[in-house]
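# Fold and geometry: a report
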Amino acid sequence: MTKTSTIREYIAANADAIETALAQSLPVNWEIPLALRDSMSYSLMAGGKRLRPIFVLAAAEALGGSREAALPVACAIEMVHTYSLIHDDLPAMDNDDYRRGKLTNHKVYGEAMAILAGDGLLTHAFYSISQAHKVHGIAADRVLAITEELSVLAGARGMVGGQAADMLGEQGITKLEELEYIHTHKTSDLIVFSLRAGGHLAGASEEHLAALRKFGHAIGLAFQIQDDILDIIGDEKKLGKPVKSDEKQQKVTYPYFIGMEASEQKIKELTQQGKDALLQANMNNPERLLQLADYLMQRDH
Ligand code: GRG
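Residues numbered from 1 in each chain as written. Predicted model: local features only at pLDDT ≥ 70, side-chain atom pairs only at ≥ 80, totals over all residues. Heavy atoms only, no water.

## A closer look at the overall build of the protein
Looking only at helices and strands, the protein features 15 helices and 2 strands. A compact globule built from 301 residues would reach a C-alpha radius of gyration of about 19 Å, and the protein, at 18 Å, matches this within 12%. When each of the 301 residues of the protein is scored for burial, the buried share is 53%. Summarising the internal contacts of the protein: among those between residues at least 6 apart in sequence, 73% fall at separations of at least 24. With 30 positive and 40 negative side-chain charges, the protein shows a separation of 3 Å between the mean positions of the two kinds. (Helix = DSSP H or I, 4+ residues; strand = E, 2+ residues; numbered from the N terminus. Rg over C-alpha atoms; globule rule 2.2 N^0.38 Å. Buried < 20%, exposed > 50% of the residue type's maximum accessible area, 1.4 Å probe, protein only. Contact = heavy atoms within 4.5 Å. Lys, Arg positive; Asp, Glu negative; His and termini not counted. Charge placed at Lys NZ, Arg CZ, Asp CG, Glu CD.)

## Comments concerning the site of the ligand
Around the ligand, the surrounding shell holds 17 residues, and the nearest of these are Lys49, Arg52, His81, Asp88 and Arg100. Within the side chain of Arg100, one N or O atom sits 2.8 Å away from an oxygen atom of the ligand. For the ligand, whose free accessible area comes to 710 Å², the fraction covered by protein is 92%. Looking at the shell around the ligand, the elements with two or more residues in it are helix H4 (67-89), helix H8 (159-169), helix H9 (176-201) and helix H10 (206-233). Its residues assigned to classes, the shell around the ligand shows 4 nonpolar, 7 polar and 6 charged. (Near = heavy atom within 4 Å. Polar contact = N/O pair within 3.5 Å; in protein donor to acceptor, adjacent residues only side chain to side chain. Areas by Shrake-Rupley, 256 points an atom, 1.4 Å probe, with all protein chains shown as cover. Nonpolar A, V, L, I, M, F, W, Y, C, P; charged D, E, K, R; others polar.)

## Brief notes about the environment of Gly65
Position of Gly65 among the secondary structure elements: in the loop between helix H3 (51-62) and H4. Considering only alpha carbons, one finds Gly65 and Arg52, 13 residues apart in sequence, at a separation of 17 Å. Among residues more than four places away in sequence, those in contact with Gly65 are Ala60 and Ala202.

## Some remarks on the packing of H8 against H9
Two numbers describe how H8 lies on H9: the axes approach to 7 Å, and their chain directions differ by 150°. For the pair H8 and H9, the sense of crossing is left-handed. Here Met159, Gly161, Gly162, Gln163, Ala165 and Asp166 of H8 lie close against H9, whose contacting residues are Tyr181, Ile182, His185, Lys186, Asp189 and Leu190. Broken down by class, the residue content of the contact of H8 with H9 amounts to 5 nonpolar, 4 polar and 3 charged. (Axes fitted to C-alpha atoms, helices over the stretch in contact; angles between N-to-C directions. Left-handed = near helix turned anticlockwise from the far one by under 90°.)

## A word on the pattern of salt bridges
Taken as a whole, this structure holds 10 salt bridges when the rule is applied. For Asp88, the salt bridge identified is with Arg99, shortest N-O distance 3.6 Å. Taken together, the residues span a long stretch of sequence, with Asp88 in helix H4 and Arg99 in strand S1 (residues 98-99) at a distance of 11 residues. Its relative accessible area of 14% is what places Asp88 among the buried residues. With relative accessibility at 17%, the residue Arg99 sits in the buried group. Within the structure, one salt-bridge network assembled from shared partners comprises Glu19, Arg50, Glu78 and Arg100. (Salt bridge = Lys/Arg side-chain N within 4 Å of Asp/Glu carboxyl O.)

## Re H3
Given 3.6 residues to a turn, an α-helix orients residues that are three or four positions apart in the same direction. Taking 1.5 Å as the rise per residue, H3 with 12 residues should run 16 Å; its terminal C-alpha atoms sit 16 Å apart, in good agreement. In terms of burial, H3 is largely enclosed, as 11 of its 12 residues are buried. When H3 is considered as a whole, its buried residues turn out to be Leu51, Arg52, Pro53, Ile54, Phe55, Val56, Leu57, Ala58, Ala59, Ala60 and Ala62. Within two residues after H3, Gly64 carries a phi angle of roughly 80°, on the positive side. (Expected span 1.5 Å × (residues − 1).)

## Remarks on a nonpolar patch on the surface
Taken together, Tyr98, Leu103 and Val108 make up a surface patch of nonpolar side chains, about 250 Å² in accessible area. For Tyr98, the location among the structural elements is in strand S1. (Patch = residues over 30% accessible without salt bridge, like charges linked within 9 Å, V, L, I, M, F, W, Y side chains within 5 Å.)

## Quick look at the packing of aromatic side chains
Applying the stated rule across the entire model yields 3 aromatic pairs. Taking the centre distance of 5.0 Å and the plane angle of 70° together, the rings of Trp30 and Tyr127 count as edge-to-face. On the criterion of sequence distance, the pair formed by Trp30 in the loop between helix H1 (7-23) and helix H2 (34-44) and Tyr127 in helix H6 (residues 111-134) is long-range, its members being 97 residues apart. A relative accessible area of 35% places Trp30 in the partly exposed class. For the cation-ring pair, Arg299 lies above Phe223, with the distance from its terminal atom to the ring centre recorded as 3.8 Å. (Phe/Tyr/Trp six-rings, centres within 6.5 Å; stacked < 30°, edge-to-face > 60°. Lys NZ or Arg CZ within 6 Å of the ring centre and 35° of its normal.)

Structural data, given as structure tokens:
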């Protein structure tokens, strides 16, 4: 990909490479019950923006890491993200019928198989990460750091904790800090993971890793506030899921707390904060990360 391609072209080309790698990620010679294989790949290959894996590739690129070696880690975060969507859509959670423009996993395969597909994807993510060492020769200590961070940021102290706080707090949230806790863990943590994983793959310094954390935290929050706004004013066709779901579930969101205009302003401030953190860290090639931050601020799906 040339350095002069637009950010849209960059996203499209990387999403294609990720799709190809994802399609090959579950070895064909593994003996897996067909319904489970189908159910896992139904959601994994259902589209989606592939933003988190693109962040892995862009962060590795910012610091001179190998793109080939980054691909299995990029696939891993998409597997974790997809499992979280499958489980979030279940009747016991949000009870949604559509995701990524298609019927939700449990609507097609039933609840039990949807739970197992999520379990299978989550577990397979750790296998995929191990391949960065086994196939691509990334040093074992770097792969261990990536594994540890995924366990923390996707687990009880990360995304799962954010989801639990969201469920426990539904309607009862009275402070913006409580909402920020939920957004930080439910949404930003996987973005922080993706960026730092790209950094670890490239052998990033502590200073660079800290900058990637700040950048990810800020743009992750901005991304979630935009998600809340799109749930109010977005186009269902573009989003691939029904809008107004927060209102129906009486969920407390940023626009609910501070209004639309202030939410839009907050997105701009957070994006700038994230970009500043990155610029201060003097990376070799941060352009794509900076462009991605701006692109996300304007997204409509
Ligand atoms: C069930 C453990 C567990 C966690 C669920 C993912 C999630 C946590 C909940 C889904 C609802 C939600 C609004 C989550 C916040 C993160 C978010 C905005 C997810 C959607 O990500 P996109 O827009 O989706 O990147 P695509 O489909 O493009 O990948």
